[in-house]
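What the coordinates show
Here are the chains, one letter per residue:
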Amino acid sequence: MTLNVLTLSTLFPDMSRPNFGVFVERQARELASRPDVSVTVVAPIGMPPWPLSRAGRYAPLRALPAKERWKDLTVYRPTFPIIPKFGGRTNVLTMTRAILPLVRRLHAQTPFDVIDASFFFPDGPVAQRLSKALGIPYSVKARGADIHYWGTQRGTKKMVKRAADGAAGLLAVSAAMRRSMGRMGIDADKIRVHYTGVDLDRFEIADRDQAKAALGFEGPLILCVGALIPRKGQDILVRALPQLPGATLLLAGQGQYRRMLENLAQELGVERRIGFLGSVPHDRLPRLYAAADVMALPSESEGLANAWVESLACGTPIVITDVGGARELLDRPEAGKIVEREPEALGEAIGDLLADPPEREAVRAAALRFTWTANGDALFDHLQGIARMHKSTSINGST
């Protein structure tokens, strides 16, 4: 019997944002690659009222097709109205209204067995409403900010909790995330830890000197991969740079934090040793990891960052803060260091790794358990179990 899955995700790549939700896409593709699974992706796009919708970052989103074949997935991109910066709590209602007719039509054509919501807000509460309307079960995956932010905000935390309570099953990117959800009052017994995957053929060890030369760099190289937002803590890295003479810091990511970081670098006199790379296409990240001596990411919160795993897969040790699944990932000393979220500790840990680098194969070994095959197997087992339980309950309830 084919398992027919509706993947609901507000985090999904498109032509204008190829890196946006790339791990959600990869997970969905892995699930869909199985012969006994059919996956349909509904990736709603929030659109502000005119004239905002015709300018800036929203203009290319308006041009996206309502339906397309994205790699090997069928993806629908319905739009729903939003109020930028102020409308978070209203997004659940407007998104549900906008996509329910589409989902009803698709369900009438080929009934879905389960809804797989890839993020807790607004995806989770919307999945709850779709589940009620269609009479099918749903699962929600917690990734990080969806719990740490939306799960704590006054206007949305009740919706997050209700979505968790109504779900037939839940996923968490790490055991630490599972514990965080439990502290919110979510039933921990129905939360399954579901680790991310990494493409071990693409993210692999390469000659570091050659990789540096190809990029035009020499000397110690520190890489940070993450959006330029306060939560990621790039300012702490910039403040640590004076402790690391001769080292270059590359920031791969974009965001509103860039101007502040540029000003801070100038104040500290290290602006010549920092490179702002902007948003780097995902398929170009392996060469950056290969060139780097250390990947550092002093986040305030995380689930289990994909950048951590990718760096390790390339044999590049990491320096990270004690957040999310950090201790689950760094299960051997060669893989890197966990430090306090302040410049001195960060600089000291990076300096130690630059002075005494670990064997790259030993670093990579920490990432070998994070495969997309394992990720897909676990997701299939999780969703199939939910669908079977629902079908069994429905049959028994009707007899």
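How each quantity is defined
- Sequence order as written defines the numbering, with residues in each chain counted from 1.
- Reporting of local features is limited, given that this is a predicted model, to residues whose pLDDT is at least 70; pairs of side-chain atoms are given and counted only at 80 or more, and all residues count toward the totals for whole chains, interfaces and linings.
- By convention in this description, side-chain values take in all heavy atoms of the structure and omit both hydrogens and water.
- Only protein atoms enter the 1 Å grid used here. Points where a 1.4 Å probe fits but cannot escape make up a cavity, open sets with protein on both sides within 12 Å along at least five of seven lines make up a pocket, and a residue lines them when an atom lies within 4 Å of a point.
- Grid points are joined across faces, edges and corners, and a volume is the space filled by probe spheres set on the points.
- Numbering goes from the N terminus for both helices and strands, where a helix is a DSSP run of H or I of at least four residues and a strand is a run of E of at least two.
- Residue polarity is assigned by list, with Asp, Glu, Lys and Arg as charged and Ala, Val, Leu, Ile, Met, Phe, Trp, Tyr, Cys and Pro as nonpolar; anything else, Gly included, falls into the polar class.
- Segmentation of the chain into domains, including their bounds, is taken from an automatic or database domain assignment.
- UniProt positions are given in the numbering used here, feature names are shortened, and annotations may be inferred rather than shown by experiment.
- When DSSP locates at least two bridges between a pair of strands, those strands are taken to pair.
- Angular values range over 0 to 180 degrees, each being the angle between N-to-C directions of two axes fitted as lines to C-alpha atoms, with helices fitted over their stretch in contact.
- Salt bridge, as used here, is a side-chain nitrogen of Lys or Arg placed within 4 Å of a carboxyl oxygen of Asp or Glu.
- Under the scheme applied here, a residue whose accessible area is under 20% of the maximum for its type counts as buried, over 50% as exposed, and between as partly exposed, the area being computed with a 1.4 Å probe on protein chains only.

Per an unreviewed UniProt entry, the protein chain goes by the name Glycosyltransferase involved in cell wall biosynthesis and belongs to Sphingobium scionense.

If you add up the space inside the second largest pocket, you get close to 340 Å³. For the second largest pocket, the lining is made up of 20 residues, of which Val22, Glu25, Lys71, Arg202 and His282 are closest to its centre. Sorting elements by how many residues they give to the lining of the second largest pocket places helix H1 (residues 22–32) first, with five residues. For the lining of the second largest pocket, the residue count by class is nine nonpolar, three polar and eight charged. Composition of the lining of the second largest pocket by domain shows at least three residues from each of domain 1 (3–197 + 372–397) and domain 2 (208–366).

Bringing the UniProt feature "domain: Glycosyl transferase family" (unreviewed entry) in the protein chain into the picture now. Those residues carrying the UniProt feature "domain: Glycosyl transferase family" (unreviewed entry) are residues 214–367 in this numbering. Between the end C-alpha atoms of residues 214–367 there is a gap of 25 Å, over a span that is 38% helix and 18% strand.

Moving on, we get to the sheet that holds strand E9 (residues 169–172). Taken in spatial order, the eight strands of this open sheet run E4-E5-E2-E1-E7-E8-E9-E10, and their pairing is mixed. In this open sheet, the two strands that pair with only one neighbour each are strand E4 (67–70) and strand E10 (191–193). Strand-to-strand twist in this sheet, taken as the mean axis angle between neighbours without regard to direction, amounts to 25°. Relative to strand E2 (residues 37–42), strand E1 (residues 3–8) runs parallel, the two sharing six bridges. Each bridged residue has a counterpart across the sheet, and for Leu8 the counterpart in E2 is Val42.

Glancing now at the pattern of salt bridges. Applying the stated rule across the entire model yields 18 salt bridges. Between Arg77 and Glu68 there is a salt bridge, with the nearest N and O atoms lying 2.7 Å from each other. Pair check on accessibility: Arg77 and Glu68 agree, each one buried. Of the charged contacts in the structure, one is a salt bridge between Arg208 and Asp293, with a shortest N-O distance of 3.9 Å. Within this pair, whereas Arg208 is found in helix H8 (residues 208–215), its partner Asp293 is found in the loop between helix H11 (285–291) and strand E14 (294–297), the two being separated by 85 residues in sequence. For the pair shown, Arg208 and Asp293 are each scored as buried. A single salt-bridge network, built from bridges that share partners, covers Glu25, Arg29, Lys71 and Asp72.

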